[in-house]
Amino acid sequence: MDLEAKKKVLRSFTYGLYILTAQDGEEVAAGTVNWVTQASFQPPLIALGVKAESRLHALIERTGKLCLMTLAHDQKGIAQDFFKPTTREGDRLNGHPFAPSPTFGLPLLTELPYWLEAEVRHLYKGGDHSLVVAEVVEAGVRYEARPLVMWDTGWFYGG
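In this text, all values refer to a predicted model and were calculated from it rather than measured experimentally. (Residues numbered from 1 in each chain as written. Predicted model: local features only at pLDDT ≥ 70, side-chain atom pairs only at ≥ 80, totals over all residues. Heavy atoms only, no water.)

1. Things to note about the UniProt feature "domain: Flavin reductase like" (unreviewed entry) in the protein
Move 1: The feature "domain: Flavin reductase like" (unreviewed entry), as annotated in UniProt, sits at residues 10-157 in this numbering.
Move 2: With 14% helix and 47% strand, the stretch residues 10-157 has end C-alpha atoms that lie 9 Å from each other. (UniProt positions renumbered as here; feature names shortened; annotations may be inferred. Helix = DSSP H or I, 4+ residues; strand = E, 2+ residues; numbered from the N terminus.)

Right under this line is the structure:
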């Protein structure tokens, strides 16, 4: 296989940018993710890739619950803030305000326009990321916004 061609093809896929959170008791993890898609209308399923060696993966695997929030087109700085390990100070994660989600009490960043809570239905371990299939159990819109997409950032995560 032409490895350069493979990298370019995989990087041509359209990816949004999201913040993913999980929690087990006082242990919280949050991170920027981009391998996300809707997978079913009924039941409402999403599929996402989660880095296998991350705290997020460990908490999602342990609890079976997650929150996913869509970043708005002008929130590249927030995405960058969640490339680093999660720090919690009061009602802030990595410096950004959050409130508990209505169903599971997981961290929801209050600056982001769209959010959902989901319960894991399948977790497939593969390579360096696992495929998580989760059912959406609650969702909300804080305000309407154009989503932040990977192509517009100049970043690449794929290939």
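2. Comments concerning unusual backbone geometry
Move 1: Cis geometry marks the peptide bond from Gln42 to Pro43, where omega comes out at -5°.
Move 2: In this fold, Pro43 is placed in the loop between strand 3 (36-40) and strand 4 (45-51).
Move 3: In this structure, Asn94 is a non-glycine residue whose phi angle is positive, near 50°.
Move 4: Inspection of the secondary structure puts Asn94 in the loop between strand 7 (92-93) and strand 8 (96-100).

3. Quick word on the pattern of salt bridges
Move 1: If you walk through the whole model with that rule in mind, you get nine salt bridges.
Move 2: Salt-bridge contacts for Glu61 lead to Lys125; the nearest nitrogen and oxygen are separated by 2.8 Å. Pair noted here: Glu61 is in helix 2 (residues 55-63) and Lys125 is in strand 10 (residues 114-125), with a separation of 64 residues, a long-range link.
Move 3: What makes Lys125 exposed here is its relative accessible area of 59%.
Move 4: Here Arg146 ties to Asp152 by a salt bridge, and the two come within 4.0 Å at their closest N and O atoms. (Salt bridge = Lys/Arg side-chain N within 4 Å of Asp/Glu carboxyl O. Buried < 20%, exposed > 50% of the residue type's maximum accessible area, 1.4 Å probe, protein only.)

4. Things to note about the side chain of Gln23
Move 1: Relative to the helices and strands, Gln23 resides in strand 1 (residues 18-24).
Move 2: In this structure the side chain of Gln23 is engaged in a polar contact, spanning 2.8 Å, whose partner is the backbone oxygen of Gly25.
Move 3: Excluding residues within four positions of it along the chain, Gln23 makes contact with Val28, Leu59, Thr63, Arg88, Gly105, Leu106 and Pro107. (Polar contact = N/O pair within 3.5 Å; in protein donor to acceptor, adjacent residues only side chain to side chain. Contact = heavy atoms within 4.5 Å.)

5. Quick look at the sheet that holds strand 7
Move 1: Strands sit in the order 6-7-8-9 across an open sheet of four strands; the sheet is antiparallel. Every interior strand has two partners, whereas the edge strands, strand 6 (88-89) and strand 9 (107-109), have only one.
Move 2: Where strand 7 lies against strand 8, two bridges are found, and the strand directions are antiparallel. Pairing of Arg92 across the sheet is with Pro97, part of strand 8. (Pairing = 2+ DSSP bridges.)

6. Overview of the packing of aromatic side chains
Move 1: Throughout the structure, instances matching the rule amount to one aromatic pair.
Move 2: Centroid distance Phe13 to Tyr15: 6.4 Å. Interplanar angle 50°. Geometry classified as tilted.
Move 3: Judged by its relative accessible area of 14%, Tyr15 falls in the buried class.
Move 4: The ring of Phe104 has Lys65 lying over it, and the distance from NZ or CZ to the ring centre is 5.1 Å. (Phe/Tyr/Trp six-rings, centres within 6.5 Å; stacked < 30°, edge-to-face > 60°. Lys NZ or Arg CZ within 6 Å of the ring centre and 35° of its normal.)

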